[in-house]
Amino acid sequence: GVYSTPQPETQLIHNLEHGGIVIWYDPERLDADGIDALTRYVNSQTASGISGRYKFILSPWGGEQPLPSPVVATAWRYLLELETADTDAIAEFARSRYGRSPEPNGGPGPPA
């Protein structure tokens, strides 16, 4: 789902372990339109899964080190660094990476 406050990295790693996608953004480097675009994208993914539960998470970054770019999509062992909220690039990344993890059967199948 979508979070408006930074979530602990350690908690979101569990989503990655089960094949999900976590999208982090730097609220100081991404404007409101970009955050809205990411929010709509993640909401559309979580609403379209089996039982409405695709494993997509959006969270502002709260880590100790800065993000390498304003938007970073993560999957197990992969990063996609973006300068903008490019949901087409994130969708392509998700199609090729979703469910490829140590425990991929911990939830619904991949996005269409």
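Described below are features of the structure shown in this document. Along each chain, the written sequence defines residue order, and numbers are assigned to residues from 1. Only residues with pLDDT of 70 or above have their local features reported here, since the model is predicted, and side-chain atom pairs are shown and tallied only from 80 upward, although totals for entire chains, interfaces and linings are computed over all residues. Hydrogens and water molecules were not included; the side-chain quantities draw on all heavy atoms of the structure.

Moving on: the environment of Glu9. For helices the rule is a DSSP run of H or I covering at least 4 residues; for strands it is a run of E covering at least 2, with both sets numbered from the N terminus onward. Looking at the secondary structure, you find Glu9 in helix α1 (residues 9-17). Exposure remark for Glu9: the relative accessible area of 40% places this residue in the partly exposed category. When the C-alpha positions of Glu9 and Trp61 are compared, they lie 8.9 Å apart, and in sequence the two are 52 residues distant. By definition, residues are in contact when any of their heavy atoms lie within 4.5 Å. Those residues within four positions of Glu9 in sequence are excluded, and the remaining contacts are Trp24, Trp61 and Gly63. Buried residues are those whose accessible area, probed at 1.4 Å on protein chains only, stays under 20% of the maximum for their type, while exposed residues exceed 50% and partly exposed ones sit between those limits.

Right, let's get into the environment of Thr87. Tracing the backbone shows Thr87 in helix α3 (residues 87-97). For Thr87, a relative accessible area of 23% translates into the label partly exposed. Considering only alpha carbons, one finds Thr87 and Gly34, 53 residues apart in sequence, at a separation of 9.6 Å. When neighbours within four sequence positions are excluded, Thr87 is seen to be in contact with Ala37, Leu38 and Tyr41.

Attention now goes to unusual backbone geometry. Positive phi outside glycine occurs at Arg77, with the angle close to 70 degrees. Residue position: Arg77 is located in the loop between β3 (71-75) and β4 (78-82).

This next bit is on the packing of aromatic side chains. Each pair of aromatic rings taken from Phe, Tyr and Trp, with Trp reduced to its six-membered ring, is defined by centres within 6.5 Å and is described as stacked if the planes are under 30 degrees apart, edge-to-face if over 60, and tilted in the remaining cases. As enumerated under the stated definition, the model contains three aromatic pairs in all. On the numbers, 5.0 Å between centres and 85 degrees between planes, the contact of Trp24 with Trp61 is edge-to-face. Here the residue Trp24 occupies a position in strand β1 (residues 21-25), and Trp61 occupies one in the loop between β2 (56-60) and β3, the gap between them amounting to 37 residues. We note that Trp24, like Trp61, is buried.

Here the rule is simple: two strands pair whenever DSSP picks up at least two bridges between them. Reading across the sheet, the four strands line up as β2-β1-β3-β4 and stay open at both edges, with mixed pairing between neighbours. Either end of the sheet is taken by a strand with one partner, and the two such strands are β2 and β4. Averaged over all neighbouring strand pairs, the angle between strand axes comes to 15 degrees, with direction disregarded. Inspection of the sheet shows β3 paired to β4 by five bridges, in the antiparallel sense. By the bridge assignment, Val72 is partnered in β4 with Glu81. In this fold α1 packs onto β1, β2 and β3, with an angle of close to 145 degrees to the strand it touches most, β1. Here, axes are lines fitted to C-alpha atoms. For helices the fit covers the stretch in contact, and angles between N-to-C directions go from 0 to 180 degrees. In the packing of helix α2 (residues 32-48) onto the sheet, contacts are made with β1, β2 and β3, and the angle to β2 comes to roughly 155 degrees.

Moving on: the pattern of salt bridges. Here, a salt bridge means any Lys or Arg side-chain nitrogen found within 4 Å of an Asp or Glu carboxyl oxygen. A full pass over the atoms with the stated rule returns two salt bridges. With its nearest N and O atoms 3.1 Å apart, the salt bridge here joins Glu92 to Arg95. Highlighted residues: Glu92 and Arg95, both in helix α3, separated by three residues, approximately one helical turn. Its relative accessible area of 46% is what places Glu92 among the partly exposed residues.

Distances and angles like these do not, on their own, reveal function.
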